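What follows is each chain in one-letter form.
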Amino acid sequence: MSLLRTPLYDWHIQHKGRMVPFGGWEMPVQYSSILEEHKAVRNRAGLFDISHMARLNFTGQDALALIDHVYTNDASQMKVGQVRYGLICNESGGILDDVLVYRWADSWSMVVNASNRLKILDWLRFFAHKREVQIEDRTFETAMLAIQGPQALELSRGLFEQDPSALRYYFAMPNRYRGAECVVSRTGYTGEDGLEIIVPKDLASTLADDLLQKGATPCGLGARDTLRLE
């Protein structure tokens, strides 16, 4: 089976990213060196393409019931705009995936690991049977980028209609970037402050260029792993 490519594939090639297979996708493992990219995140701000992660939306009156049925955390206690980490397990308690759930005023979202997208979609659709809930896979019409590091919020200032620096940790907001709807969340997996941003796929390279122009360093999977381990 051929590997999938994110909307930033050509951007990665242009910026000398070394591409490797990862979770069914072609992804950059590094641009300069893993150590340099690691230090950039710790000291300034690093930019990651995380568009390979699956992005699912849930609407309908039974959306919460479905999520609470398959999810190990208590979604019913989440506030509007809150993001919460948890697991999806099989009927024996084995872990199928770890996910992020987002609560909105009239809908829900979930971010799933790339290699588990189809498995989790099948699992959700099985339990959605006879429930009034619609599941939409928005992975291929959107992109997702992460800006991480002590300067991440500063570098993001002025890019969005609403300033995301007011967001609390593990909260998200609908926003606008260059006139288009987007989602900005104060989340990430590097041990640093930062944002994760979901934009229409056609704006992915524009957002990446904007963040690089402000001083972010492009980072690959190698630095993401060392940052998480540290």
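Remember, it's a predicted structure, so these values are computed and weren't measured experimentally.

Asks: Please explain the side chain of Asp97 as it appears in this structure.
Replies: Along the polypeptide, Asp97 turns up in strand S7 (residues 95–103). Lys119 is the oppositely charged side chain nearest to the buried, salt-bridge-free Asp97, at an N-O distance of 6.6 Å. There is a polar contact of 3.0 Å between the side chain of Asp97 and the side chain of Asn116. Apart from residues lying up to four places away in sequence, Asp97 is in contact with Gly86, Leu87, Ile88, Val112, Asn113, Asn116 and Ile120.

Asks: Even after reading the chapter, I still don't get the pattern of salt bridges, so can you show me in this structure?
Replies: Side-chain pairs of opposite charge can arise whenever the charged atoms involved come near each other. Tallied over the full model, the rule gives 8 salt bridges. With its nearest N and O atoms 3.1 Å apart, the salt bridge here joins Asp210 to Arg178. Placement of Asp210 in helix H6 (residues 204–213) and of Arg178 in the loop between strand S11 (172–177) and strand S12 (180–185) is noted, with a sequence separation of 32 residues between them. Given a relative accessible area of 11%, Asp210 falls into the buried group. Since its relative accessible area comes to 56%, Arg178 is described here as exposed. Through salt bridges with shared partners, one network takes in Arg42, Glu192 and Glu230.

Asks: Could you clarify how one ought to interpret the layout of surface pockets in this entry?
Replies: In this approach the atoms are scanned with a rolling probe the size of a water molecule, which exposes any empty space left behind. By volume, the largest pocket is sized at about 470 Å³. In terms of lining residues, the largest pocket is bounded by 24 residues, among which Asn57, Arg138, Cys182, Val183 and Ile198 are the most central. For the lining of the largest pocket, the elements supplying multiple residues, two or more each, are strand S5 (54–59), strand S8 (108–112), S11, S12 and strand S13 (194–200). Here the lining of the largest pocket is composed, by residue class, of 12 nonpolar, 6 polar and 6 charged. The volume enclosed by the second largest pocket comes to roughly 370 Å³. Along the wall of the second largest pocket there are 23 residues; nearest its centre are Met53, Asn113, Tyr189, Arg224 and Arg228. Mapped onto the lining of the second largest pocket, the elements with two or more residues apiece are S7, strand S10 (142–148) and helix H7 (221–229). Tallied by class, residues from the lining of the second largest pocket come to 12 nonpolar, 7 polar and 4 charged.

Asks: Is there a simple way to explain the sheet that holds strand S3 (residues 25–30) in this structure?
Replies: Picture the strands of a sheet paired through backbone hydrogen bonds; they go either parallel or antiparallel. Spatially, S1-S3-S2 is the arrangement adopted by the 3 strands of the open sheet, whose pairing is mixed. At either margin of the open sheet sits one strand with a lone partner, and together these are strand S1 (4–5) and strand S2 (18–22). Bridge analysis of S1 against S3 gives 2 bridges, and the strand direction is parallel. For Arg5, the partnering residue across the bridge sits in S3 and is Glu26.

What counts and what doesn't
Counting from 1, residues in each chain are numbered in the order their sequence is written. It should be noted that, the model being predicted, local features are given only for residues of pLDDT at least 70 and side-chain atom pairs only at 80 or more, the latter also being counted only at that level, while totals for whole chains, interfaces and linings use all residues. Computation of side-chain values covers all heavy atoms of the structure but excludes hydrogens and water. Each helix is a run of DSSP H or I of at least 4 residues and each strand a run of E of at least 2, with the numbering of both proceeding from the N terminus. Remark: exposure states derive from per-residue accessible area (1.4 Å probe, protein chains only) relative to the maximum for the residue type, with buried under 20%, exposed over 50%, and partly exposed in between. Residues counted as positive are Lys and Arg, residues counted as negative are Asp and Glu, and His and the chain ends are not counted. What makes a salt bridge here is a side-chain nitrogen of Lys or Arg within 4 Å of a carboxyl oxygen of Asp or Glu, nothing more. Within 3.5 Å is the distance limit for a polar contact, defined as a pair of N or O atoms, with the added protein rule that one can donate a hydrogen and the other accept it, and that residues adjacent in sequence qualify only through two side-chain atoms. Any two residues whose heavy atoms approach within 4.5 Å are treated as being in contact. Only protein atoms enter the 1 Å grid used here. Points where a 1.4 Å probe fits but cannot escape make up a cavity, open sets with protein on both sides within 12 Å along at least five of seven lines make up a pocket, and a residue lines them when an atom lies within 4 Å of a point. Grid points are joined across faces, edges and corners, and a volume is the space filled by probe spheres set on the points. Residue classes follow a fixed rule: Ala, Val, Leu, Ile, Met, Phe, Trp, Tyr, Cys and Pro count as nonpolar, while Asp, Glu, Lys and Arg count as charged, and any other residue, Gly among them, counts as polar. By the convention used here, strands pair only if DSSP detects at least 2 bridges between them.

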